[in-house]
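Here are the chains, one letter per residue:
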Amino acid sequence: MLLLIVGAAALVAVAAVMALPSMIGREGPLSDSAHYENFQQLDKASSLLVSGTVVSASATRVDENLLTVYRVLISHASDARTGTLDVYIPRTQTDAEPTAETVGLDVGSDYVLALVAFGSEWQLTSTAGQGAFRVSEGEVDRSLDGSLEIDQTTRNLLGVK
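Reference entry: report on the structure contained in this document. (Residues numbered from 1 in each chain as written. Predicted model: local features only at pLDDT ≥ 70, side-chain atom pairs only at ≥ 80, totals over all residues. Heavy atoms only, no water.)

Observations regarding the overall build of the protein chain
Broken down by element type, the protein chain carries four helices and seven strands. Counting from the amino terminus, the protein chain carries its helices and strands in the arrangement α-α-β-β-β-β-β-α-β-β-α. Within the span of the protein chain, comprising 161 residues, buried residues form 32% of the whole. Restricting the contact set of the protein chain to residue pairs at least 6 apart, pairs at least 24 apart contribute 52%. Carbon and sulfur atoms provide 54% of the accessible area of the protein chain, an area that totals close to 9,600 Å². (Helix = DSSP H or I, 4+ residues; strand = E, 2+ residues; numbered from the N terminus. Buried < 20%, exposed > 50% of the residue type's maximum accessible area, 1.4 Å probe, protein only. Contact = heavy atoms within 4.5 Å. Areas by Shrake-Rupley, 256 points an atom, 1.4 Å probe, with all protein chains shown as cover.)

Shown next, in the form of structure tokens:
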């Protein structure tokens, strides 16, 4: 009888943990990536900041992970590099609901991207919601999720307003 009660209590605890995200709302992204309170934290965690244009996107697999590789033509970079670089962003199966980590970039669009090394390539420091900032007519918007704004010094460095 005691075993049955303990087992039932364990099932209730598991159910409560599984339901917790929907019960507490969506304050931050539901993802495994870091969530930053301000741009200075994101900048400090990043190895590289670039402004540039996404020129292509292709699907790939690394181990068992589905990824999209975005080739970015660099306009400006925090380390003065030029040319292109590849940015890897996780993706979902075709019929799956996107998550905070799988928000993609648009080919032909300009962005400021906060990046960290991914082997010899690059990935966003955080989800695309915080690690990507769309640029329109030379003016940078807030992060895609609206939570962060790039400071003026970084804007000047990356050639955006």
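Anyway, onward from the coordinates.
A closer look at the pairing of strand 1 (residues 48-62)
Along any regular strand the residues' side chains alternate between the sheet's two faces. Sheet topology places strand 1 next to strand 4 (residues 110-118); six bridges connect them, and they run antiparallel. Paired with Ser-51 across the bridge in strand 4 is Val-112. Here strand 1 pairs with strand 2 (residues 65-77) via twelve bridges, running antiparallel. Residue pairing for strand 2: Gly-52 is matched across the bridge by Ile-74. Where strand 1 hands over to strand 2, the hairpin turn is made up of two residues, of which Asp-63 adopts a positive phi near 55 degrees. (Pairing = 2+ DSSP bridges.)

Focus: the packing of aromatic side chains
Considering all chains together, one arrives at two aromatic pairs under this definition. A ring pair is formed by Phe-39 and Phe-133, whose centres lie 6.0 Å apart and whose planes are at 80 degrees; its orientation type is edge-to-face. Taken as a pair, Phe-39 in helix 2 (residues 39-45) and Phe-133 in strand 6 (residues 132-136) lie far apart in primary sequence, 94 residues in all. Taken as a pair, Phe-39 and Phe-133 share a single burial class, namely buried. Taking 5.2 Å as the distance between ring centres and 45 degrees as the angle between the ring planes, the aromatic pair formed by Tyr-88 and Phe-118 counts as tilted. Here the residue Tyr-88 occupies a position in strand 3 (residues 84-90), and Phe-118 occupies one in strand 4, the gap between them amounting to 30 residues. (Phe/Tyr/Trp six-rings, centres within 6.5 Å; stacked < 30°, edge-to-face > 60°.)

Looking at the environment of Ser-51
By the secondary structure assignment, Ser-51 is in strand 1. Residue Ser-51 is classed as buried on the basis of its relative accessible area, which comes to 4%. For the pair Ser-51 and Leu-158, spaced 107 residues apart in sequence, the C-alpha separation works out to 5.8 Å. If sequence neighbours within four positions are ignored, Ser-51 has contacts with Leu-73, Ile-74, Ser-75, His-76, Tyr-111, Val-112, Leu-158 and Val-160.

As for the nonpolar core
Within the largest apolar cluster, 17 residues are counted, with the highest numbers of intra-cluster contacts made by Leu-48, Val-50, Leu-85, Val-87, Leu-105, Leu-113 and Leu-115. Those elements giving two or more residues to this core turn out to be strand 1, strand 2, strand 3, strand 4 and strand 5 (121-124). Sequence-distant contacts of Leu-48, defined by excluding residues within four places in its chain, comprise Ala-77, Ser-78, Asp-79, Arg-81, Leu-85, Leu-113, Ala-114, Leu-115 and Trp-122. Counting 13 residues, the second-largest nonpolar core is a separate cluster that includes Val-112, Val-135, Leu-148 and Leu-158. (Core = buried A, V, L, I, M, F, W, Y, C linked by side-chain atoms within 4.5 Å.)

Some remarks on the environment of Gly-83
Among the structural elements, Gly-83 can be located in the loop between strand 2 and strand 3. Linking Gly-83 and Gly-52, residues 31 residues apart in sequence, is a C-alpha distance of 9.8 Å. Residues in contact with Gly-83, not counting those within four places in the same chain, are Val-72, Leu-73 and Ile-74.

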